[in-house]
Amino acid sequence: MSVHKEVKRVTTHVLSAMKLRGEKISMLTSYDYSMAKLVDQAGCDVILVGDSASNVMAGNETTLPMTLDQMIYHGSSVRKAVNRALVVVDLPFGTYQGNSKEALHSAIRIMKETAADAVKLEGGKEIIESVDRILTAGIPVMGHLGLMPQSINRYGTYSVRAKEEEEANKLIEDAKLLEEAGCFAVVLEKIPAELGKKVAEMLTIPVIGIGAGNGVDGQVLVIHDMLGITQEFSPRFLRRYLNLAEEIKGAVAQYVDDVKSKDFPNDREQY
Ligand code: KIV
């Protein structure tokens, strides 16, 4: 008799059932095998291979330089580590806007070459043709509205979005469009909490917030921010669960001292 216990994988259907019963959804980013393994083992429901890899892994100022090949590299590394969580990979800037055929091609490459469960795209009405086309191939799509980092050059700042009625109304219309098209969930980034709650109540699909208040169906954070690895980024919505930057620097400084003082390696640490 096998004692191996099957892990119940998180699917898009599991997420909608969670919304229905009022269970909040946890989501974090990961970009590599080792971190994704820990995040999955700790019970996070969704792992996003975000194009925020551009900032935290590659040191770019924006997410725009990220390429499809780089997202595939990160996505396939994460996929190999994950047994339970739903794995979502971002389509990077320039691989889906304005050309639905190219969008489908990009999404298919992500699915084939990473074995991810779904893709995420930023935008509403402007990219709905791309969303529709990707969905026709049976690829689950997560939307992303509010602050859309790939559009930073249009807005010029990373400040709170949709504070004015006109932008809030457009966001609501876009969220409805994404749901009608068949997206399984939508991320809302950096918008007033009241608007986040309104959209979550209006939609039947899960709404995951990052800086969108606690009235939404789940939360997402960038793993490097919540672990305190990044130090220069401190928006109000960020809760730091560790100060890993200090821990890592302390450990590295200790190692350097031990090497210089010839304390490392000691007799038990050599052959
Ligand atoms: O790329 C990313 O990490 C994201 C999250 C901030 C939602 O899109």
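Predicted model, so just to flag it, every value in this text is computed and none were measured.

A. Just the overall build of the protein chain, in detail. On a plain count of helices and strands, the protein chain comes out with eleven helices and eight strands. Relative to the globule expectation of 18 Å for 271 residues, the C-alpha radius of gyration of the protein chain, 20 Å, shows essentially globular dimensions. Taking the principal axes of its C-alpha atoms as reference, the protein chain extends roughly 65 × 55 × 35 Å. Out of the 271 residues in the protein chain, the part that is buried amounts to 47%.

B. Representation of the pairing of strand β1 (residues 25-29) within the structure. With four of five residues buried, β1 lies mostly within the body of the structure. Two elements, β1 and strand β8 (residues 218-221), share four bridges in a ladder whose sense is parallel. Bridge pairing in β8 links serine 26 to glutamine 219. Here three bridges tie β1 to strand β2 (residues 46-49), and the two strands are oriented parallel to one another.

C. Molecular detail of the side chain of serine 77. In this fold, serine 77 is placed in helix α4 (residues 68-81). Note on serine 77: relative accessible area 14%, which makes it buried. Every residue in contact with serine 77, bar those within four places of it in the chain, is listed here: Tyr31, Asp32 and Tyr33.

D. How the structure looks around the sheet that holds β8. Strand order around the closed barrel formed by eight strands is β1-β2-β3-β4-β5-β6-β7-β8, with parallel pairing between neighbours. In this sheet, neighbouring strand axes are inclined to one another by 25 degrees on average, regardless of whether the strands run parallel or antiparallel.

E. Highlighting a negative patch on the surface. A surface patch of negative charge is lined by Glu164, Glu165, Glu166 and Glu167. By secondary structure assignment, the location of glutamate 164 is in the loop between α7 (152-155) and α8 (165-181).

F. Region of the structure containing unusual backbone geometry. At the junction of phenylalanine 264 and proline 265, the peptide bond is cis and its omega measures out at -5 degrees in the coordinates. Within the fold, proline 265 resides in the segment after α11 (244-260). A positive phi angle, close to 60 degrees, is found at alanine 115, a residue other than glycine. Here alanine 115 lies in the loop between α5 (100-114) and β4 (118-120). Look at lysine 262: it is not a glycine, yet its phi comes out positive at around 65 degrees. Structurally, the position occupied by lysine 262 is in the segment after α11. For lysine 262, a relative accessible area of 71% translates into the label exposed.

G. Highlighting the site of the ligand. By nearness alone, every residue bordering the ligand is listed as Thr29, Leu48, Gly50, Asp51, Ser52, Asp90, Lys120, His144, Glu189, Ile210 and Val222. In the model, an oxygen atom of the ligand is placed 2.5 Å from a nitrogen or oxygen of the serine 52 side chain. For the ligand, an oxygen atom lies 2.8 Å from a polar atom in the side chain of lysine 120. For the ligand, whose accessible area on its own is 260 Å², the fraction buried by protein is 96%. The class makeup of the residues in the shell around the ligand is three nonpolar, four polar and four charged.

H. A nonpolar patch on the surface, seen in detail. On the surface, a nonpolar cluster with roughly 510 Å² of combined accessible area is contributed by Ile248, Val252, Tyr255, Val256, Val259 and Phe264. Topologically, phenylalanine 264 is positioned in the segment after α11.

I. Highlighting the nonpolar core. Formed by 58 residues in total, the largest nonpolar core has its most connected members in Leu91, Ile110, Val119, Leu121, Ile134, Leu188 and Val199. Apart from residues lying up to four places away in sequence, leucine 91 is in contact with Leu68, Tyr96, Ala103, Ser106, Ala107, Ile110, Val119, Lys120, Leu121, Ile134 and Gln150. The next biggest cluster of nonpolar side chains, apart from the first, holds 18 residues, and it includes Val14, Met27, Leu48 and Ala118.

J. Here's a closer look at the pairing of strand β5 (residues 141-146). Counted residue by residue, β5 has six buried out of six residues, so it is predominantly covered. Relative to β5, β4 is paired through two bridges, and the arrangement is parallel. Bridged to valine 119 within β5 is valine 141. For the crossover from β4 across helix α6 (residues 128-136) to β5, the handedness is right-handed. Summarising the sheet, β5 and strand β6 (residues 185-189) pair through five bridges and their orientation is parallel. Each bridged residue has a counterpart across the sheet, and for methionine 142 the counterpart in β6 is alanine 185.

K. Local environment of the environment of alanine 175. Summarising the element assignment, alanine 175 is placed in helix α8. Accessibility expressed as a relative area gives 0% for alanine 175, which makes it buried. Sequence-distant contacts of alanine 175, defined by excluding residues within four places in its chain, comprise Leu145, Val199 and Leu203.

What counts, and where the lines are drawn
Residues numbered from 1 in each chain as written. Predicted model: local features only at pLDDT ≥ 70, side-chain atom pairs only at ≥ 80, totals over all residues. Heavy atoms only, no water. Helix = DSSP H or I, 4+ residues; strand = E, 2+ residues; numbered from the N terminus. Rg over C-alpha atoms; globule rule 2.2 N^0.38 Å. Buried < 20%, exposed > 50% of the residue type's maximum accessible area, 1.4 Å probe, protein only. Pairing = 2+ DSSP bridges. Contact = heavy atoms within 4.5 Å. Axes fitted to C-alpha atoms, helices over the stretch in contact; angles between N-to-C directions. Patch = residues over 30% accessible without salt bridge, like charges linked within 9 Å, V, L, I, M, F, W, Y side chains within 5 Å. Areas by Shrake-Rupley, 256 points an atom, 1.4 Å probe, with all protein chains shown as cover. Salt bridge = Lys/Arg side-chain N within 4 Å of Asp/Glu carboxyl O. Lys, Arg positive; Asp, Glu negative; His and termini not counted. Charge placed at Lys NZ, Arg CZ, Asp CG, Glu CD. Near = heavy atom within 4 Å. Polar contact = N/O pair within 3.5 Å; in protein donor to acceptor, adjacent residues only side chain to side chain. Nonpolar A, V, L, I, M, F, W, Y, C, P; charged D, E, K, R; others polar. Core = buried A, V, L, I, M, F, W, Y, C linked by side-chain atoms within 4.5 Å. Right-handed = clockwise from strand over helix to strand, strands pointing away.

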